[in-house]
Amino acid sequence: MTSSAADRVARFVDDLLRGRRPRRFKASPDEAEAMAAAAGLVAARAGADLPDKAALDRIHQRLSARLDESPRIEARFTRRAWLRTFSTAAAAAFVGVALDEVLTRQGPTGPVATGPAVLTPDGGQWRPVAAVTQLPEGHAILVSTGSVDAVVVNDGGQISAVSGICTHLGCRLQPDDADKRLSCPCHQTAFSWSGKVLYYRLKAAPPDLPSIESRVRDGQIELFVV
Amino acid sequence: MLRVVGLIELRPGGDPEPKIENEPAAAIYTDWESVYQDNVVGIYQLAFRRVGNAADAEDVAEDVMIRTLKTLRFPAPVHNVRSYLVKTAKTVLADHWRSHYSAQNVALELEQLPPQELAGPSNTVASERAQRLLGLLPDQFRRVLELRFLLGYSVREAANEMGVTESNARVLQFRALRKAAELEREVLG
């Protein structure tokens, strides 16, 4: 009895670990409990619970098909009625949201990202920003030169730097050593340590982060900045 | 004096980042696209953490968005929409466990979860929680789950590594998962 329950749960776990959709079956309460725990463990692996862009595109497409066919008149009426009720304060909030829409939607569809950019400021010079010893392998730190916020990364002994400011609306990025990514606290955009957009939940992809020239001199990490 | 009514902070619990000038407080959703863009990743993550695979998580996330968006009337306050999304997600996940595995107990637990925020982009917290959970398990249980879930061993490889039969490894895994579920409920809350 226990053995067959263990077999069924093992098959379920195999499917999860191989990224397959498990088959349906009638589970006992004990089996179901074990299966729920297995789902939690699979999801705890780094990056496992992030959707890929294709999945988000599919969801968006199907939502568009289902929702855009609804009659528009109802939404317009509701909005008008709401505006009457909340008057000025509501209008102020609308301006905020509308501005966000304008700033967010850089184009009708598709990414706006261009090729990798390198920040090479006029009148730039090499400036020390941290000692090499302050940045062990597998870590990233935020530094500021007053004019430039940067993230300096030590990826397997290779030191590099990218802009520390999100290319969407300018929030300061937060290095996440565990997942080797830079996360924007404002709209959850995430970049790789090399500055590539890993995912976004905006209408269009923000550009990749500009890289910043870096070097190591006399035990100091230096960036070419102003 | 202009009195702002119903302006809701987007990031409850305090934002460590200074507010930037050109970023408006998004207090109200005016269309389904905004709701989608703001929440689809969080809903997908919430679903994935309960189903453990991408195909089902995608279906659940889509179902949650559809059910929520079909009943919403715009404009709608952000915090109301998010609470409704999470509530709907619990219902859809409970339905998933009932319809796929006849699992009334898991479904009930999901329905009774306390209110929660949508997750951020990193699952570091979930990883740390899993590590703590593994740390609480007896050695053999911890070992089989580490081999399977952290190192990606097959049942056969895990059995060889532990010096047990495949059948024993399956039973160990089953018991370890049940113990993990029990600890999760009783110790980690």
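Here the structure is a predicted model, which is why all the values come from computation and not from measurement. Residue indices follow the written sequence of each chain, beginning from 1 at its first position. For this description, chains carry letters from A and ligands carry numbers from 1, given in the order in which they are written. Whole-chain, interface and lining totals are the exception, using all residues; otherwise, since this is a predicted model, local features are given only for residues with pLDDT of at least 70 and side-chain atom pairs are given and counted only at 80 or more. Side-chain measures were taken over the full set of non-hydrogen atoms in the model, leaving aside hydrogen atoms and water.

**Structural notes on the overall build of chain B**
The helix count covers DSSP runs of H or I at least four residues long, the strand count covers runs of E at least two residues long, and both are numbered beginning at the N terminus. Scanning chain B from N- to C-terminus turns up 8 helices and 2 strands. Along its sequence from the N terminus, chain B presents helices and strands in the succession β-α-α-β-α-α-α-α-α-α. Think of it in three bands: residues with accessible area under 20% of the maximum for their type are buried, residues over 50% are exposed, and the middle band is partly exposed, with areas taken using a 1.4 Å probe on protein chains only. The 189 residues of chain B split such that 49% are buried. Across chain B, every contact between residues at least 6 apart in sequence was considered, and the portion connecting residues at least 24 apart equals 61%. Split by element, the accessible area of chain B, about 9000 Å² in all, is 50% carbon and sulfur. When checking whether two residues touch, look at their non-hydrogen atoms; a contact exists if any pair is within 4.5 Å. All accessibility values rest on the Shrake-Rupley procedure with a 1.4 Å probe; residue burial counts only the protein chains present in the view.

**Thoughts on helix H6 (residues 139-150) of chain B**
Among all positions of H6(B), only B:Phe141, B:Val144, B:Leu145, B:Leu147, B:Arg148 and B:Phe149 are buried. At the C-terminal side of H6(B), B:Gly152 shows a positive phi close to 70°.

**Remarks on the sheet that holds strand S3 (residues 139-144) of chain A**
The pairing of strands in a sheet happens through backbone hydrogen bonds and is either parallel or antiparallel. Residues and elements named next belong to chain A. Strand pairing follows a simple DSSP-based rule, namely that at least 2 bridges must link the two strands. A sheet is described by the order of its strands in space; here 5 strands give the open sequence S1-S10-S5-S4-S3, paired in mixed fashion. Each end of this open sheet is capped by a strand with a single partner; those strands are strand S1 (118-119) and S3. Relative to strand S10 (residues 211-212), strand S5 (residues 158-163) runs antiparallel, the two sharing 2 bridges. When the sheet's bridge partners are listed, Val162 is paired in S10 with Ser211.

**Observations concerning the packing of aromatic side chains**
Any two of the Phe, Tyr and Trp rings considered here, Trp counted by its six-membered ring, make a pair once their centres fall within 6.5 Å; the pair's planes then place it as stacked at under 30 degrees, edge-to-face at over 60, or tilted in between. Inspection of the entire model under this criterion finds 7 aromatic pairs over all chains. Between A:Phe25 and B:Tyr101, the ring centres sit 5.7 Å apart and the planes meet at 65°, which makes this aromatic pair edge-to-face. Here B:Tyr101 lies in helix H3 (residues 78-101) and A:Phe25 lies in the loop between helix H1 (2-17) and helix H2 (29-43), a pairing that spans two chains. Three or more aromatic residues joined by ring pairs make a cluster, and in this case those are A:Phe12, A:Phe25, B:Trp97 and B:Tyr101.

**Overview of the nonpolar core**
Here the nonpolar core consists of buried residues drawn from Ala, Val, Leu, Ile, Met, Phe, Trp, Tyr and Cys, with membership extended through side-chain atoms lying within 4.5 Å. Core analysis: the biggest nonpolar cluster contains 78 residues, and B:Leu145 and B:Leu177 have the highest contact counts within it. By residue number, the principal contributor to this core is helix H1 (residues 32-51) of chain B, which donates 11 residues. If near-sequence neighbours (up to four positions away) are discounted, B:Leu145 is found in contact with A:Leu41, B:Leu134, B:Leu137, B:Leu150, B:Gln173, B:Ala176, B:Leu177 and B:Ala180. Ranked by size, the runner-up nonpolar core spans 16 residues in total, among them A:Cys171, A:Cys184, A:Phe191 and A:Trp193.

**A closer look at the environment of A:Pro22**
Among the structural elements, A:Pro22 can be located in the loop between H1 and H2. The residues touching A:Pro22, leaving out its near neighbours within four places in the chain, are A:Phe12, A:Asp15, A:Leu16, B:Asn53, B:Asp56 and B:Tyr101.

**Looking at the confidence of the model for chain B**
One rule of thumb: low pLDDT means the predicted coordinates there are not for detailed reading. Residue and element names in this part refer to chain B. One confidence number per residue, pLDDT, is output by the predictor and ranges from 0 to 100. In this model, chain B carries an average pLDDT of 83, and 80% of its residues clear a pLDDT of 70 or more. Considering only residues more than four positions removed or in separate chains, one finds that residues 1-26, a stretch of pLDDT under 50, has 37 contacts. The ipTM for the predicted assembly is 0.84, set against a pTM of 0.59.

**Some details on the sheet that holds strand S6 (residues 174-176) of chain A**
Residues and elements named next belong to chain A. Across the sheet, which stays open at both edges, the 4 strands sit in the order S6-S7-S8-S9 with antiparallel pairing between neighbours. A strand with exactly one partner marks an edge of an open sheet, and here the two such strands are S6 and strand S9 (197-199). Pairwise comparison of adjacent strand axes, ignoring direction, gives a mean angle of 35° for this sheet. Here strand S8 (residues 190-192) pairs with S9 via 2 bridges, running antiparallel. Axes here refer to lines fitted to C-alpha atoms; in helices the fit is confined to the stretch in contact. Angles between the N-to-C directions go from 0 to 180 degrees.

**Considering the environment of A:Gln188**
As for its position among the elements, A:Gln188 is in the loop between strand S7 (181-183) and S8. Between the C-alpha atom of A:Gln188 and that of A:Arg201, which follows or precedes it by 13 residues, the distance is 7.2 Å.

**Comments concerning unusual backbone geometry**
Residues and elements named next belong to chain B. A cis amide bond links Phe74 to the next residue, Pro75, at an omega of 0°. Assignment of secondary structure puts Pro75 in the loop between helix H2 (54-71) and strand S2 (76-77). Notably, Ser102 is not glycine yet its phi reads approximately 50°, a positive angle. Tracing the chain through its elements places Ser102 in the loop between H3 and helix H4 (104-111).

**Some details on the packing of helix H3 (residues 53-67) of chain A against H1(B)**
Across the interface, H3(A) lies against H1(B) with an axial gap of 12 Å and an inter-helix angle of 150°. Here H3(A) is positioned roughly antiparallel relative to H1(B), judged by the angle of their axes. Handedness of the H3(A)/H1(B) crossing: right-handed. Note on element contacts: H1(B) touches H3(A) through B:Trp32, B:Glu33, B:Tyr36, B:Val40 and B:Val41, opposite A:Leu56, A:Ile59, A:His60, A:Leu63, A:Ser64 and A:Leu67. Charged residues are taken to be Asp, Glu, Lys and Arg, nonpolar residues to be Ala, Val, Leu, Ile, Met, Phe, Trp, Tyr, Cys and Pro, and polar residues to be all remaining types, Gly included. Looking at side-chain class alone, the contact of H3(A) with H1(B) contains 8 nonpolar, 2 polar and 1 charged residues. Oblique is the label for any angle not under 35 degrees, not over 145, and not in the 65 to 115 range, which are roughly parallel, roughly antiparallel and roughly perpendicular in turn. Each helix crossing is assigned a hand: it is left-handed if the near helix lies turned anticlockwise from the far helix by less than a right angle, otherwise right-handed if that turn is clockwise.

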